[in-house]
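In case you want the letters, here they are:
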Amino acid sequence: MTDAVPLVEVWRGAFVEGLHRGHAVVCDPGGQVVEAWGDPARVTLPRSAVKMIQALPLVESGAADAAGLGTEQLALSCASHSGAPMHVDRVRAWLAGLGLGEADLRCGPQPSGMEAERERMIRAGEAPDQCRNNCSGKHSGFLTLSRRLGGGPDYIDPDHPVQRAAQAAMEALTDDVGFGHAVDGCSAPNFAATLHGLARAMARLARPRDALGGVRGAAAERLTRAMAAHPELVSGEGRACAAFMRACGGGTAVKTGAEGVFCAILPVQGLGIALKIEDGATRASECAMAALLVRHGAASAEDPRIAARLHAALPNRRGLRVAGLRPAASSGLTP
């Protein structure tokens, strides 16, 4: 087993004040490691970084077409959204089209991730609800698939047909079996995999017609194209996933997950990327992913949306830029 390596440095003046260590793997569609940092065999819970895999059964089963879902709903099925009106209104309309409502979700209530919207809700006396949960799009997809499969209402049970389908898709794309699962923040099972397996899955999604073929390949292509077409539905205005996808173009799809996980699908380059920051810091995972996107030709270091994470400022109370993040010098990730 290889230890985690420094991927991101925290600078204050001329001093390295902190280090974020982690692991990262870049794969080609054949499953070969192109390059790696740390331990490719490191097993991790991918959290929300694999929502596009969890959504595969929704499309390949025919459930999405039977429900008349368009690209916006497919993007939301892969989303960790901000709970903004553009997300919540679409989720509510999706559920209404199924003859369902907020009470049918099993993700739990959550306040909006947008400060202005949270303040509006407080002034209006509106309580957090499940449609504002950042995973409500994924759960609406689960409900849509459950109807197709004839499953019961508790679609988050690991033995439910929906979750068995999600697990099968995860295992097929990663080639990782038997690492178990834990319960995610939205109460759905989250199946563990190696970093190599996650990068392999992302590379297969980058060239799905060749790597997966048939119905599954076509379904995967629809999902990743929907993500790339609607970045703000996948995350939210100004957030890293949306910013990276806008900066990259070319059908690139990226997805963050809790506890320092980040994955990327690069169709032009035919590559998949997976990384994990050991201490779970989002600021570090965003910096490392920005560096990897630049390194592999998916984005320019000069693009302000990339630069904002690649060299993230840490201002003091007076707004002075006195500290910041950058790729660790020893990692070789500095553009």
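Each remark here, short or long, concerns the structure printed above.
Predicted model only: the values in this text are computed from it and were never measured. (Residues numbered from 1 in each chain as written. Predicted model: local features only at pLDDT ≥ 70, side-chain atom pairs only at ≥ 80, totals over all residues. Heavy atoms only, no water.)

Taking 1.5 Å of rise per residue, 14 residues should cover 20 Å, and helix H7 (residues 136-149) covers 20 Å from first to last C-alpha, within 8% of that figure. Burial runs high along H7: 11 of the 14 residues are buried. Residues of H7 that are buried: Ser136, Gly137, Lys138, His139, Ser140, Gly141, Phe142, Leu143, Thr144, Leu145 and Ser146. The secondary structure elements touched by the buried residues of H7 are helix H1 (51-54), helix H2 (56-60), helix H3 (63-66), helix H4 (71-77), helix H5 (85-97) and helix H8 (161-174). Directly beyond the C-terminal end of H7, a positive phi value near 75° is found at Gly150. (Helix = DSSP H or I, 4+ residues; strand = E, 2+ residues; numbered from the N terminus. Expected span 1.5 Å × (residues − 1). Buried < 20%, exposed > 50% of the residue type's maximum accessible area, 1.4 Å probe, protein only. Contact = heavy atoms within 4.5 Å.)

Attention now moves to unusual backbone geometry. A positive phi is found at Asp175, a non-glycine position, where the angle reads about 65°. Within the element layout of this structure, Asp175 appears in the loop between H8 and strand E5 (181-183). The residue Glu259 is not glycine, and still its phi comes out positive at about 60°. The topology assignment puts Glu259 in the loop between strand E8 (253-257) and strand E9 (261-266).

Interaxial distance between H8 and helix H9 (residues 195-206) falls to 7 Å at its minimum, and their mutual angle equals 90°. Taken together, the axes of H8 and H9 lie roughly perpendicular to each other. For the pair H8 and H9, contact is made by Met170, Ala172, Leu173 and Thr174 and by Gly197, Leu198, Arg200, Ala201, Arg204 and Leu205, respectively. Of the residues contributing to the contact of H8 with H9, the split by class is 6 nonpolar, 2 polar and 2 charged. (Axes fitted to C-alpha atoms, helices over the stretch in contact; angles between N-to-C directions. Parallel < 35°, antiparallel > 145°, perpendicular 65-115°, else oblique. Nonpolar A, V, L, I, M, F, W, Y, C, P; charged D, E, K, R; others polar.)

A word on the pairing of E8. Residues in a regular strand point their side chains to alternate faces of the sheet. A large share of E8 lies buried, amounting to 5 of its 5 residues. Two elements, E8 and E9, share 5 bridges in a ladder whose sense is antiparallel. Each residue of the ladder has a partner; that of Gly257, found in E9, is Val261. The antiparallel pairing of E8 with E9 creates a hairpin that spans 3 residues between the two strands, and Glu259 there sits at a positive phi of about 60°. (Pairing = 2+ DSSP bridges.)

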